[in-house]
Amino acid sequence: EPEVTQTPSHQVTQMGQEVILRCVPISNHLYFYWYRQILGQKVEFLVSFYNNEISEKSEIFDDQFSVERPDGSNFTLKIRSTKLEDSAMYFCASRAILAGGSQYFGPGTRLTVT
Amino acid sequence: GEDVEQSLFLSVREGDSSVINCTYTDSSSTYLYWYKQEPGAGLQLLTYIFSNMDMKQDQRLTVLLNKKDKHLSLRIADTQTGDSAIYFCSNNDMRFGAGTRLTVKP
């Protein structure tokens, strides 16, 4: 069964460094998402991406964040100048269609900022 | 803004039924979803319901939707220890509740 994959599973970085979290969505999906889950808290929407551009973003997704689909398979989240409070699980998800299509989540990348 | 609310904890005995509740504010939600998250894992879609339905049954899972009250529930029949996880409801606006931690005691 096709699945969303994410790498790395765990990323440790120092405050102020840049990180790139990588995702490979399911191949025939058209809509892509990033979410964040701070330990023990709710899953928070960051950004959605369709047709090579951001379709929606939350107030969390400020200038520190960017997304890219550099080729036909990868979908990346870049966090510039990381802060301690960026430590969280970051989940990628993809969806085939918008209306009624379910999102399929990757296993997540645990980002630890020290 | 629009929000999705859930109770945080539920504890049941193995074999009992579990009912997890969720309320939402966005009346335009077309689909509502239930996800399961096991420790250290991502979110796994369990089931979903279209907004013009009142109920959907899928094996041990029953979803009830009260659109007037914007209330969604997930009932798990014959709850097993393997059902212990965090359960999230979500509307199609990509907003999730805080998650209900279900603990199943043997």
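Residues numbered from 1 in each chain as written. Chains lettered and ligands numbered in written order. Predicted model: local features only at pLDDT ≥ 70, side-chain atom pairs only at ≥ 80, totals over all residues. Heavy atoms only, no water.

### Quick word on the overall build of chain A
- Of the regular secondary structure elements, chain A holds zero helices and eleven strands.
- When the elements of chain A are put in sequence order from the N terminus, they spell out β-β-β-β-β-β-β-β-β-β-β.
- Taking 2.2 N^0.38 as the reference for a compact globule, 114 residues should give roughly 13 Å; the C-alpha atoms of chain A span a radius of gyration of 13 Å, in line with that estimate.
- Structurally, chain A occupies a C-alpha span of about 40 × 30 × 30 Å along its principal axes.
- Across the 114 residues that make up chain A, the buried fraction comes to 46%.
- Split by element, the accessible area of chain A, about 5700 Å² in all, is 48% carbon and sulfur.
- One way to put it: in chain A the 10 positive side-chain charges average out to a point 2 Å from where the 13 negative ones average out. (Helix = DSSP H or I, 4+ residues; strand = E, 2+ residues; numbered from the N terminus. Rg over C-alpha atoms; globule rule 2.2 N^0.38 Å. Buried < 20%, exposed > 50% of the residue type's maximum accessible area, 1.4 Å probe, protein only. Areas by Shrake-Rupley, 256 points an atom, 1.4 Å probe, with all protein chains shown as cover. Lys, Arg positive; Asp, Glu negative; His and termini not counted. Charge placed at Lys NZ, Arg CZ, Asp CG, Glu CD.)

### Digging into the pairing of strand S6 (residues 55-58) of chain B
Residue and element names in this part refer to chain B.
- Where S6 and strand S7 (residues 61-66) come together, four bridges link them in antiparallel fashion. Bridge pairing links Asp 58 to Leu 61 in S7.
- Between S6 and S7, which follow one another and run antiparallel, lie two residues, and Gln 59 among them has a positive phi close to 55°. (Pairing = 2+ DSSP bridges.)

### Notes on the state of the cysteines
Residues and elements named next belong to chain A.
- Counted according to the given criterion, the structure contains two disulfides over all chains.
- A sulfur-sulfur separation of 1.9 Å characterises the disulfide bridge that pairs Cys 23 with Cys 92. Disulfide Cys 23 to Cys 92: torsion about the S-S bond roughly -65°, handedness left-handed. Of this pair, Cys 23 sits in strand S3 (residues 19-24) while Cys 92 sits in strand S9 (residues 88-95), and the two are 69 residues apart along the sequence.
- Classification of Cys 23 by relative accessible area gives buried; the value is 0%.
- When its relative accessible area of 0% is taken as the criterion, Cys 92 is described as buried. (Disulfide = S-S within 2.5 Å.)

### As for the side chain of Thr 79 of chain B
Residues and elements named next belong to chain B.
- By the secondary structure assignment, Thr 79 is in the loop between strand S8 (71-76) and strand S9 (85-91).
- In this structure the side chain of Thr 79 is engaged in a polar contact, spanning 3.3 Å, whose partner is the backbone oxygen of Ile 76.
- Sequence-distant contacts of Thr 79, defined by excluding residues within four places in its chain, comprise Val 12, Arg 13, Glu 14, Gly 15, Asp 16, Ser 17, Ser 18, Arg 60, Leu 102 and Val 104. (Polar contact = N/O pair within 3.5 Å; in protein donor to acceptor, adjacent residues only side chain to side chain. Contact = heavy atoms within 4.5 Å.)

### Re the sheet that holds S6 of chain B
All names here are of chain B.
- Reading across from one edge, S1-S3-S8-S7-S6 is the order of the five strands in this open sheet, with antiparallel pairing throughout. Looking at the sheet topology across the chains shown, the edges are occupied by strand S1 (4-6) and S6. Geometrically, the sheet is characterised by an average inter-axis angle of 15° between neighbouring strands, direction not taken into account. (Axes fitted to C-alpha atoms, helices over the stretch in contact; angles between N-to-C directions.)

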